[in-house]
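Per-entry structural report
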Amino acid sequence: MNTHDNDMSRDEMAGHYVLGTLTEEEHREVSDRMREDEQLAEAVRYWQERLVGLCDVAEPVEVRESVWERISASIDELDSRPETAGDSPVSWMSSWWNNLVFWRGFSAAGFACALALAITLVAYQPASSKYMVVLATPEGHSPGWVVQASTSRKLTLKALGSFEIPEGKALEFWTKADDWDGPVSLGLVEPGQPIQISLDDLPPLEENQLFEITLENYGGSPIGRPTGPIQFIGRAVTSI
Amino acid sequence: MGSRDLTSPEVVAPDERGQSESGHSGTFDYDGCLRACVDGDKSALKALYVRESQQLLGVVSRIVRDRARAEDILHDAFVRIWQRASTFDASRGGGRGWVYTIARNLALDTIRSSGKQVSTEDRPEEVGDIDAAADPGNSQRWIEKVGSSHWGGNSERLQECLERLEPIPRACIFHAYVNGYSQSEIGDLIGAPVGTVKSWIKRSLVALRGCMG
């Protein structure tokens, strides 16, 4: 089933999306399309609203007290961040930091350390950086990689932590601008070493260009487009 | 518990379409609660948590099948609710449904990215019970619970419309939405080819759309 197939209507696609019966790839495709296709987004909202009564079927489960304590701590941590941001030595960084719309893209606990590291990395870069991308986990739990491009022809990818790649698997780096038909592979990546990538064969980098890292079988995707789950994802923002 | 009264019937948002009928959530002002979160009122989030965390954990646990992961998702869901409360738009649906959609999407993302799931043999007993309840020949046990609490919006006819489906397609919808099963897992469970499951689900969606309007 491909969500582009004519035999799958927008409404049916939205229904599957809400039921949870799309494959990872199809799900991702619908998520992407929803951003531009308001009718599809509306159809998804339709099904979300109509089917939510099925949640009554699940039996309630007792929640341990520690869960609220963790939520409370995470929220306090989030809410305390804007104040510390004023200390950032890089002015564009401060405004970006204080941009709640941007940060709402990320959520949840446990990324303060990684974030601080990202800020440090960014703050000590030469002022010529033109674009940057923070690649975060799809659920927005934590930033994992930073992409920087001082020109629109070359970029550097840096890991913000160490990641265990399962045996027989590889991380593959992809990019896609809004008007491209599909993502283009930028090669396999290894955590632990900055990677320089030349974009000579591609159109110049642009604002909002999508970058993602997927988990593929060893050797990378055999078909030239992502086949495995997204590990990290982000879009390019102009950094100066 | 909160600095504002979130349970007063008169503050039920107009977008609840004036339907504040009985049911455990009928008088809780979800929309107002989310607005209070936007204003930074943590007690509002706590009120929502006290109200919904057990049911949310029930929903999420059925999908991810792991207590610790389910609690992580519950945590992430409430952090996300806090962060994204400003994006909630009451004109596009009720606050309670919005909250459940966030939690359910996180659970579905988790099983998708982990390549999912335990085999049917490994499922905890209580899940087995409810699967038995979804037996096409005996759907009454679960179907009477559908829509038994107040969701607002347009979910009222769901139970009636599910009852109009044929038993096996209805069980497919149940296993997909409630258990988070893929179409091939549903096929394995009920002993049907995946193509047949796909066609049942497709027809069920069309029928539900026609029935619920």
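Report on the accompanying structure. Small disclaimer: the values here were computed from a predicted structure and weren't measured.

Considering the interface of chain A and chain B
- The interface is formed by 57 residues belonging to chain A together with 67 residues belonging to chain B.
- Between chain A and chain B lies a buried interface of about 5900 Å² when both sides are counted; carbon and sulfur atoms form 58% of it.
- Inspection of the region where chain A meets chain B yields seven salt bridges.
- Salt-bridge contacts for Arg92 of chain B lead to Glu38 of chain A; the nearest nitrogen and oxygen are separated by 3.5 Å.
- Applying the counting criterion to the chain A and chain B interface returns 25 residue pairs in polar contact (both at pLDDT 80 or more).
- Looking at the side of chain A that touches chain B, the elements with two or more residues in it are helix 1 (10-19), helix 2 (24-36), helix 3 (38-51) and helix 4 (65-85) of chain A.
- Looking at the side of chain A that touches chain B, the element that brings in the most residues is helix 4 of chain A, giving ten residues.
- The residue makeup of the side of chain A that touches chain B, split by class, is 26 nonpolar, 14 polar and 17 charged.

Looking at the pattern of salt bridges
- This model, assessed by the stated rule, comprises 19 salt bridges over all chains.
- The salt bridge partner of Lys42 of chain B is Asp76 of chain A, with a shortest N-O separation of 2.8 Å. Taken together, the residues Lys42 of chain B in helix 2 (residues 42-64) and Asp76 of chain A in helix 4 connect one chain to another.
- Take Lys42 of chain B: its relative accessible area is 23%, and that puts it in the partly exposed class.
- Asp109 of chain B serves as the salt-bridge partner of Arg112 of chain B, at 3.4 Å between the closest nitrogen and oxygen. In this pair, Arg112 of chain B and Asp109 of chain B are both assigned in helix 4 (residues 95-113), three residues apart and thus about one turn of the helix distant.
- On the basis of relative accessible area, Arg112 of chain B is assigned to the buried category, the value being 14%.

With respect to unusual backbone geometry
- The phi torsion at Arg65 of chain B lies on the positive side, around 60°, for a residue other than glycine.
- Here Arg65 of chain B lies in the loop between helix 2 and helix 3 (67-84).

Brief notes about helix 3 of chain A
- The end-to-end C-alpha distance of helix 3 of chain A is 20 Å, a good match for the 20 Å that 14 residues give at a rise of 1.5 Å each.
- The element helix 3 of chain A is extensively covered by neighbouring structure, given that eleven of its 14 residues are classed as buried.
- For helix 3 of chain A, the full list of buried residues reads Leu40, Ala41, Ala43, Val44, Arg45, Tyr46, Trp47, Gln48, Glu49, Arg50 and Leu51 of chain A.
- Summarising the contacts, the buried residues of helix 3 of chain A are in contact with helix 1 and helix 2 of chain A together with helix 4, helix 7 (158-163), helix 8 (167-177) and helix 10 (194-212) of chain B.
- N-cap assignment for helix 3 of chain A: the residue whose side-chain oxygen lies 3.2 Å from the backbone N of Gln39 of chain A is Asp37 of chain A.

Quick notes on the rules
Residues numbered from 1 in each chain as written. Chains lettered and ligands numbered in written order. Predicted model: local features only at pLDDT ≥ 70, side-chain atom pairs only at ≥ 80, totals over all residues. Heavy atoms only, no water. Contact = heavy atoms within 4.5 Å. Buried area = accessible area lost by both parts, 1.4 Å probe. Salt bridge = Lys/Arg side-chain N within 4 Å of Asp/Glu carboxyl O. Polar contact = N/O pair within 3.5 Å; in protein donor to acceptor, adjacent residues only side chain to side chain. Helix = DSSP H or I, 4+ residues; strand = E, 2+ residues; numbered from the N terminus. Nonpolar A, V, L, I, M, F, W, Y, C, P; charged D, E, K, R; others polar. Buried < 20%, exposed > 50% of the residue type's maximum accessible area, 1.4 Å probe, protein only. Expected span 1.5 Å × (residues − 1).

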